[in-house]
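# Results of the structural survey
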Amino acid sequence: HVYLLLSKCVGLLYSSASSLPSRCFRCKDIDVLPTLKLSCFPTALTMEIVYVYTKKRNEFGRQCNFSDRSAELHVDILPDPSLAVNFIERDPCDVPIQCTQEMSEHEVNTERFESDTRGINHVEGGWPKDVNPHEMEQTIRFRKKVEKDENYISTVMQLGNNMEHCIKQNNAIDIYREYFEEEEVVEESEVQPSAKTINVFRDPNEVKRTASSLSWHPDGSRKLAVAYSSLEFQKVSKDMSLNSYIWDIENPNKPEMTLKPVSPLVCLEYNPKDCHILVGGSYNGQIAYWDTRKGSQPVEMSTIEHSHRDPVYRVIWLQSKTGTDTFSASTDGQVLWWDIRKMSEPTERLILDPNKKGNLDNALGAISLEFETTMPTKFMVGTEQGLVVSCNRKAKTPAEKIVCMYSGHHGPIYALQRNPFFPKNFLTVADWTARIWSEDIKESSIMWTKYHTAYLSDGSWSPVRPSVFFTIKMDGTLDVWDFLFKQNDPTLSVKVCDEALNSLRVQDNGHFLACGSQLGTVTLLEISSGLCTLQKNEKALATAMFERETKREKILEARHREMRLKERSRSEQSKEEDTKEGDGEESPEELITRIEKDFYEIVEAELKKRDKGEEKKVADAIKSD
Amino acid sequence: MAEVEETLKRIQTHEGVIGTIVVNAEGIPIRTTLDNSTTVQYAGLLHQLTMKARSTVRDIDPQNDLTFLRIRSKKHEIMVAPDKEYMLIVIQNPSE
């Protein structure tokens, strides 16, 4: 009899039998059934599922009768939610899976290779056994013996020859010398010079006026001040606006600020020290200054009585401690100095009289001014008559103010600028040419362009390259000249617009430039980098070129002077000779009679010739009849 | 005998030559213009180096042989003219 005892954990199911019989009740055997027990007593805390099998002794060995039984559910342990509190659900669970070949790692150690460090102590050796190296006598004897050997002699001779050759070689040249150290790799820039139009600023008014002057904002060049006026004589219409504008270069649609002068501005300049102040010279001769923080009206204007009598063509800021000094030039022949704090009267006045007498009637009309901050006492004036007048500001008397004059141009000098790298040389743009001058040579320019078909109206040096300058023409083209590259033609010629260009201003970085046209259109151009980056040796080459040309002009000047001297001496000589012959010369009356006689003789000869001709004709006519 | 003297003297008097050594196949300096310890050092070291150089040349091409060895260093140039039995070593300061 098999008794199945099931002991369960406390609380769920009770055990069906709580005690173990030692006797079988049914068969009433007296024998005590030993029970096969494989169980343990139920314990209260652990779950134990235990099966106990008991079997009668005399039933051992009997064959097993297996029979099918249906499935019985023995244990059903339901989850206890209260236990879940001790656990946290893990979501998500990362389960790595790999489908690879299973590998195993195996280490092998090779047989050790034993290495040893040894040093060698060089001791004089090689001596044959019978020679003791320490004994001087023996070694000397040995050496002498070797030296007598024939083989030795021939070998050494031969080797000596070889060796000498190499020694001499060494002495001749140093084979490891750096030969091309100084020559750097010349980077050929394949980029063609070009100028690209970035922006176009048009005059917003109906009646178009000329953009007569441009000025870049001194701080970063983000703004451009343009002065508009009509320079054509008496072509000013009633509708023409008097305004000039300040443009932000990023916004071509609308000017950033308007400047409202009393009379149209011909020239306009930002104060390099204070970027809010601008000074403008107007058509009626007055000077006015603006403060952009204070609005469109001029802060102060000069009084009419003390201003210029003609349009002010150029106004430049001076280098001074207060930063408020300017000077202006006009075709009325005056150059006036102003302090903008007191505009009622100019601080100084200079009349451009070439005879140095201060006579206004004689004065030359000034069209352009030049002032270089590195040379504050000198300045130059370009005149309508084509002369450049160099002046000294610090002269004591007005007569001394005008130092010298340079002639050579045929028309008004529209632009005058010193080379920022070589202040002794300056560029003038007038009539159909642009010329470069040296301060020392007064008779002619040292370099000049050819005569163009169109009039040149403005020009400027590049602030970054000493050999590059720009010119604009009345046919609307901009020329970029690089005289180290090409002297006869401009390096780059760009047609900016169809109408004439009147003004030009290069930005301080040399990369951008603005040009203003007759119809008030200001074009902003970007120059290709080749034309605005300083090339190697450029300064040296430009210096050399200027010096060469200056020297040439000096030589020519000297020659001219010589020739003139010779002529003068010759003419003086011939005058002397003439006076010697004075007795043999005819007096005027005799001269007249002589001439009359000659005249009548010629007339008579001619008449005779004609008569002869007629006679001949008659004779022929008779003959033919 | 006199020619040898003359040759060696001529070599020594060339511009820039610091020292001359004639070494035999065993490494014994036969003739030298430098002091003993320097000579011994040069002889020993250059002998080995010449052997190595020669074997290198011959390894690359067995028909070839080393004719001259020049070692240029920062301070001077060591020139070795090897032969079967003797070796001529010259230390020169090349023209700078």
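None of these values were measured; they are calculated from a predicted model.

Helix and strand counts for chain B stand at two helices and five strands. Shown N-terminal to C-terminal, the secondary structure of chain B runs as helices and strands in the order α-β-β-α-β-β-β. In chain B, which comprises 96 residues, the proportion classed as buried is 46%. Considering only residue pairs separated by 6 or more positions, chain B has 36% of its internal contacts joining residues 24 or more positions apart. Carbon and sulfur atoms form 52% of the exposed surface of chain B, whose accessible area is close to 5,200 Å².

As a further point, take the overall build of chain A. Check the secondary structure of chain A and you find six helices and 28 strands. Taken across its 625 residues, chain A has 39% of its residues classed as buried. Working note: accessible area of chain A is about 40,500 Å², and carbon and sulfur atoms make up 52% of it.

Time to look at the pairing of strand E16 (residues 388–392) of chain A. Residue and element names in this part refer to chain A. Burial of E16 is extensive: four of the five residues sit out of reach of the surface. For E16 and strand E17 (residues 402–406), the ladder comprises four bridges, and the chain directions are antiparallel. Its bridge partner being in E17, Cys391 is matched across the sheet by Ile402.

Next up on the list: unusual backbone geometry. Residue and element names in this part refer to chain A. Here the amide bond leading from Asp91 into Pro92 is cis, since omega sits at 5°, within 30 degrees of zero. Assignment of secondary structure puts Pro92 in the loop between helix H1 (81–84) and helix H2 (136–148). A positive phi angle is found at Asp431, which is not glycine, with a value near 35°. Its relative accessible area of 0% is what places Asp431 among the buried residues.

Moving on, we come to the sheet that holds strand E21 (residues 447–448) of chain A. All names here are of chain A. Read across the sheet, four strands follow the order E18-E19-E20-E21 without closing on themselves; strand pairing throughout is antiparallel. Of all the strands in the sheet, just strand E18 (413–418) and E21 have a single pairing partner and so form its edges. Relative to E21, strand E20 (residues 433–438) is paired through two bridges, and the arrangement is antiparallel. Bridge pairing links Ile436 to Met447 in E21.

Looking now at the confidence of the model for chain B. Overall, the prediction assigns chain B a mean pLDDT of 88, with 97% of residues at 70 or greater. Here the predicted complex carries an ipTM of 0.78, next to a pTM of 0.54.

Counting residues at the interface gives 33 residues for chain A and 39 residues for chain B. Between chain A and chain B the total buried area reaches about 3,200 Å² when both faces are included, carbon and sulfur atoms providing 61% of it. Of all residues in chain A, A:Leu159, A:Met163 and A:Asn170 bury the most surface against chain B, accounting for 19% of the area lost on that side. Linking chain A with chain B are two salt bridges, by the criterion used here. Of the charged contacts, one joins A:Glu147 and B:Arg31 as a salt bridge, the two residues approaching to 3.5 Å between their closest N and O atoms. In this assembly, chain A and chain B are joined by twelve residue pairs in polar contact (both at pLDDT 80 or more). Counting residues per element, the side of chain A that touches chain B draws most heavily on helix H3 (residues 150–172) of chain A, which supplies 18 residues. Broken down by class, the residue content of the side of chain A that touches chain B amounts to 15 nonpolar, eleven polar and seven charged.

Rules and cut-offs
- Residues numbered from 1 in each chain as written.
- Chains lettered and ligands numbered in written order.
- Predicted model: local features only at pLDDT ≥ 70, side-chain atom pairs only at ≥ 80, totals over all residues.
- Heavy atoms only, no water.
- Helix = DSSP H or I, 4+ residues; strand = E, 2+ residues; numbered from the N terminus.
- Buried < 20%, exposed > 50% of the residue type's maximum accessible area, 1.4 Å probe, protein only.
- Contact = heavy atoms within 4.5 Å.
- Areas by Shrake-Rupley, 256 points an atom, 1.4 Å probe, with all protein chains shown as cover.
- Pairing = 2+ DSSP bridges.
- pLDDT = per-residue confidence, 0-100.
- Buried area = accessible area lost by both parts, 1.4 Å probe.
- Salt bridge = Lys/Arg side-chain N within 4 Å of Asp/Glu carboxyl O.
- Polar contact = N/O pair within 3.5 Å; in protein donor to acceptor, adjacent residues only side chain to side chain.
- Nonpolar A, V, L, I, M, F, W, Y, C, P; charged D, E, K, R; others polar.

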